[in-house]
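Report on the structure
Each chain, written out:
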Amino acid sequence: MGSTGEPAPEVKYSKPLGIRFIEHIKRSSISYKTHQILVLVITFFAYLTYHATRKTTSVVKSALDPQSPDVDLLSPFSWRRAYAHKPLEKARNSWVLGAGWEPFNGSDGTALLGELDVAFLFVYAIGMYFSGHVGDRMDLRVFLTIGMVGTGLFTALFGVGYWANIHFFYYYLIVQMLAGLFQSTGWPSVVAVVGNWFGKRKRGLIMGIWNAHTSLGNITGSVVASMLLKYGWGWSLVVPGLGITFVGLVLFLFLPVSPETVGVSIDEDEVLSPKKEGDETTVPLLSTKSDDRDAVGFLQAWRIPGVASFSLCLFFAKLVAYTFLYWLPFYISHTAIEGRYLSSEESGNLSTMFDVGGVIGGILAGHISDRLDARAITAASFMYCAIPALFFYRSYGHISMTINVILMVITGMFVNAPYALITTAVSADLGTHSSLKGNSRALATVTAIIDGTGSIGAAVGPLLTGYISANSWSAVFTMLMGSALIAGLLLTRLVMAEVASKIQGARPQELPRSTPSELDV
């Protein structure tokens, strides 16, 4: 007791209760592959619920403020959707008078809702840096559970304002800020857990498919919240809040954080390939040495080669992606397609095509980067391709519904692919960089730095769009194309290094020729 090199008791203690129960019933250990499947499924649904709860407030805006961009007042059906839970005459009168939910139903209601979004995103971004630091220093299963239960609590508390008849703006502001803080626990933790179980060779494709939880979470949140809105906007927040709390408890019972914590051996297929010249990672993802338990510091993580470049790239990539997330339905509803303006419901449904493109792009980018073994080249290429995609969508998306859908899917594919690749495979690669000498306890910190920096861009993009769109949507798309260009340029040094490595690897290996001096010796 107390001697060095004695990690076994800790490993046994941290094995999830649900896994112990399954092994007791089976009377045998769970295989490595089964653990991997368990990790992918649990973390997939965990982050899906994170995004579903994040999406609910954008749907609820239509009930809080009928004048908000989420409600098309020209549509004869939008007031029915927002006030279907009220008596018909009262609902009609409320719509005519422009009443919604104080304090969001005044002339500055839309601005107040915008402040909630910005407050949420900035607290989320700042919290991301701290959550990665904390996550590398405690059991990620416990940390994720706390984050999910806290997210569910404050999401539900926002909805409680409906039944408690709360009309105090700062109540909703504080609740949103605390929800953003707990939301920040999710991404660094799930990427760290998945990175612990999958080697670099398969990581891009696996994480590309796994990353579909982001888009599916957005869609799930929109559909569930919209369906419940007719019963009262409070239900649109309380039910998703209960959902993420339930998934958090399941995660606590069954999530194996790493092979070490459940006492299984890493499969030979999962150990990284033997060292090749130029490889960044040459050791297994996890080592059982006790000195590996010292977590990497925040500043030390910033100094890992590639972290700063990818972080700044993600700032601009996420600026573009989140501008579409928050503003695309509004843009569609205010842009005539085939000479017709779509209702809010039609615009919302059509905007999901952007997420469909994002799923395709994430899988494609992950697969390509695995085959090429070149993350920077792949991310930069997709970012550059997003520039013409944005231009064509703005210029020709209004011609017909078919062209709009095709261009939206293509745009979503190129815009979301670098964002998905950087926040998953790249973060996991850098979190197991060779400079860390096998220390796996940097995954959450590195992921938090990269995604936290990107999340600041996610807050800035929608905020700027709110001001710029008042004058010109063409100017908004110009800003987005400029951001995509900068994102690509920020990876130039890493791209050149990867290209040089590929050229060096393509050259035939020549036997060293003896020089006269060597012969003399």
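Residues numbered from 1 in each chain as written. Predicted model: local features only at pLDDT ≥ 70, side-chain atom pairs only at ≥ 80, totals over all residues. Heavy atoms only, no water.

The condition that has to hold: UniProt positions are given in the numbering used here, feature names are shortened, and annotations may be inferred rather than shown by experiment.
Under an unreviewed UniProt entry, the name given to the chain is Glycerol-3-phosphate transporter 1, and the organism recorded is Perilla frutescens var. hirtella. Checking UniProt for the chain, the heading Subcellular location (unreviewed entry) contains the comment "Membrane".

**Digging into the nonpolar core**
Cut-off, in case you're wondering: The term nonpolar core refers to a set of buried residues drawn from Ala, Val, Leu, Ile, Met, Phe, Trp, Tyr and Cys, joined through side-chain atoms within 4.5 Å. For the exposure calls, accessible area comes from a 1.4 Å probe over protein chains only, and a residue counts as buried if that area is under 20% of its type's maximum, exposed if over 50%, partly exposed in between. Numbering of helices and strands starts at the N terminus; helices are DSSP runs of H or I of at least 4 residues and strands are runs of E of at least 2. Contacts were defined at the residue level, with two residues in contact if any of their heavy atoms lie within 4.5 Å.
Ranked by size, the top nonpolar core spans 120 residues in total, and within it Phe-104 and Trp-233 carry the most contacts. Broken down by element, this core gets its largest block of residues, 16 residues, from helix H15 (residues 307-333). Contact partners of Trp-233, with chain neighbours within four places excluded, come to Val-60, Ala-63, Leu-64, Trp-101, Phe-158, Gly-159, Gly-161, Tyr-162 and Tyr-172.

**Digging into empty space enclosed by the protein**
For the record, the criterion: The way it works is a 1 Å grid over only the protein atoms, where trapped points that fit a 1.4 Å probe form a cavity and open points with protein on both sides within 12 Å along at least five of seven lines form a pocket, and then any residue with an atom within 4 Å of a point lines it. Grid points are joined across faces, edges and corners, and a volume is the space filled by probe spheres set on the points. Following the grouping adopted for this structure description, the nonpolar residues are Ala, Val, Leu, Ile, Met, Phe, Trp, Tyr, Cys and Pro, the charged ones are Asp, Glu, Lys and Arg, and the polar ones are all others, Gly among them.
Counting across every chain of the model gives six cavities of 30 Å³ or more. Estimates place the volume of the largest cavity at around 80 Å³. Residue lining of the largest cavity: 13 residues in total, with Tyr-47, Trp-187, Thr-214, Tyr-419 and Thr-423 positioned closest to the centre. Every element with two or more residues in the lining of the largest cavity is listed here: helix H3 (32-64), H15 and helix H18 (401-431). Here the residues of the lining of the largest cavity sort into six nonpolar, four polar and three charged. Taken together, Thr-323, Phe-324, Trp-327, Leu-328, Tyr-331, Trp-473, Val-476 and Phe-477 make up the full set of residues lining the second largest cavity. Looking at the lining of the second largest cavity, the elements with two or more residues in it are H15 and helix H20 (473-489). It is H15 that provides the largest number of residues to the lining of the second largest cavity, a total of five residues. Per-class residue counts for the lining of the second largest cavity are seven nonpolar, one polar and no charged.

**Some remarks on helix H17 (residues 375-396)**
Our working definition: What a helix should span is 1.5 Å times the count of its residues minus one.
Under the 1.5 Å per step criterion, the end-to-end length of H17 is 31 Å for 22 residues, consistent within 8% with the ideal 32 Å. Along H17, the residues classified as buried are Arg-375, Ala-376, Thr-378, Ala-379, Ala-380, Phe-382, Met-383, Ala-386, Ala-389, Leu-390 and Tyr-393.

**Regarding the environment of Ile-360**
Mapped onto the fold, Ile-360 is located in helix H16 (residues 344-372). The exposure class of Ile-360 is partly exposed, given its relative accessible area of 40%. Sequence-distant contacts of Ile-360, that is, excluding residues within four places in its chain, are made with Val-409 and Met-413.

**Some words on the packing of aromatic side chains**
The condition that has to hold: Any two of the Phe, Tyr and Trp rings considered here, Trp counted by its six-membered ring, make a pair once their centres fall within 6.5 Å; the pair's planes then place it as stacked at under 30 degrees, edge-to-face at over 60, or tilted in between. Throughout this description, the term charge over a ring refers to an Arg CZ or Lys NZ atom that lies within 6 Å of the ring centre and within 35 degrees of the ring normal.
Going through the model one piece at a time under the given rule, you end up with 31 aromatic pairs. Taking 5.7 Å as the distance between ring centres and 20° as the angle between the ring planes, the aromatic pair formed by Trp-187 and Trp-210 counts as stacked. With Trp-187 in helix H9 (residues 186-197) and Trp-210 in helix H10 (residues 200-210), this residue pair connects regions lying 23 residues apart in the sequence. Trp-210 shares its class with Trp-187; the two are buried. Above the face of the Phe-252 ring, Arg-141 is positioned so that its terminal group lies 4.8 Å from the ring centre.

**Some thoughts on the packing of H15 against H17**
Operational definition: Note on geometry: axes are lines fitted to C-alpha atoms, helical ones only across the stretch in contact, with angles between N-to-C directions running from 0 to 180 degrees. Note on angle classes: values under 35 degrees are labelled roughly parallel, values over 145 roughly antiparallel, values of 65 to 115 roughly perpendicular, and the remainder oblique. Crossings are classed by handedness, with left-handed meaning an anticlockwise turn of the near helix from the far one by less than a right angle and right-handed meaning a clockwise turn.
As a packed pair, H15 and H17 sit with axes 12 Å apart at the nearest point and diverge in direction by 30°. In terms of orientation, H15 and H17 fall into the roughly parallel class. The way H15 lies across H17 gives a crossing that is left-handed. Residue-level inspection shows Phe-310, Ala-317, Val-320, Phe-324, Leu-328, Tyr-331 and Ile-332 of H15 in contact with H17, the latter providing Arg-375, Ala-376, Met-383, Leu-390, Tyr-393 and Arg-394.

**Focus: the pattern of salt bridges**
Basically, it comes down to this: Here a salt bridge means any side-chain nitrogen of Lys or Arg lying within 4 Å of a carboxyl oxygen belonging to Asp or Glu.
Inspection of every chain in the model, using the stated rule, returns four salt bridges. In this structure, Lys-318 and Asp-451 form a salt bridge, with 2.7 Å as the shortest nitrogen-oxygen distance. Pair noted here: Lys-318 is in helix H15 and Asp-451 is in helix H19 (residues 443-468), with a separation of 133 residues, a long-range link. No difference in accessibility class separates Lys-318 from Asp-451, as the two residues are buried.

**Let's talk about helix H12 (residues 235-254)**
Along its 20 residues, H12 runs 29 Å from first to last C-alpha, staying within 8% of the 28 Å computed at 1.5 Å per residue. By the burial criterion, the buried members of H12 are Ser-236, Leu-237, Val-238, Pro-240, Gly-241, Ile-244, Val-247, Gly-248 and Leu-251.

**A short note on the side chain of Asp-451**
Filter applied, for reference: Each polar contact in these results corresponds to two N or O atoms within 3.5 Å; when the atoms are within protein, one needs to be able to donate a hydrogen and the other to accept it, and residues that are neighboring in sequence are counted only if both atoms are side-chain atoms.
Assessed through its relative accessible area of 2%, Asp-451 is described here as buried. Among the polar contacts made by the side chain of Asp-451, one reaches the side chain of Lys-318 at a distance of 2.7 Å. Apart from the residues lying within four places of it in its own chain, the contact partners of Asp-451 are Tyr-124, Met-128, Trp-187, Leu-314, Lys-318 and Thr-423.

**So, the environment of Ile-37**
Along the chain, Ile-37 turns up in helix H3. According to the relative accessible area criterion, Ile-37 is exposed, its value standing at 55%. For the pair formed by Ile-37 and Trp-197, sequence separation is 160 residues and the distance between their alpha carbons is 9.8 Å.

**Details of the confidence of the model for the chain**
For clarity, the threshold we go by: The pLDDT score gives, residue by residue, the confidence of the prediction method on a 0 to 100 scale.
Per-chain confidence: the chain averages 78 in pLDDT, with 77% of residues scoring 70 or above. Note that residues 517-521 has pLDDT below 50 and, in this model, two contacts with residues that lie over four places away or in other chains.

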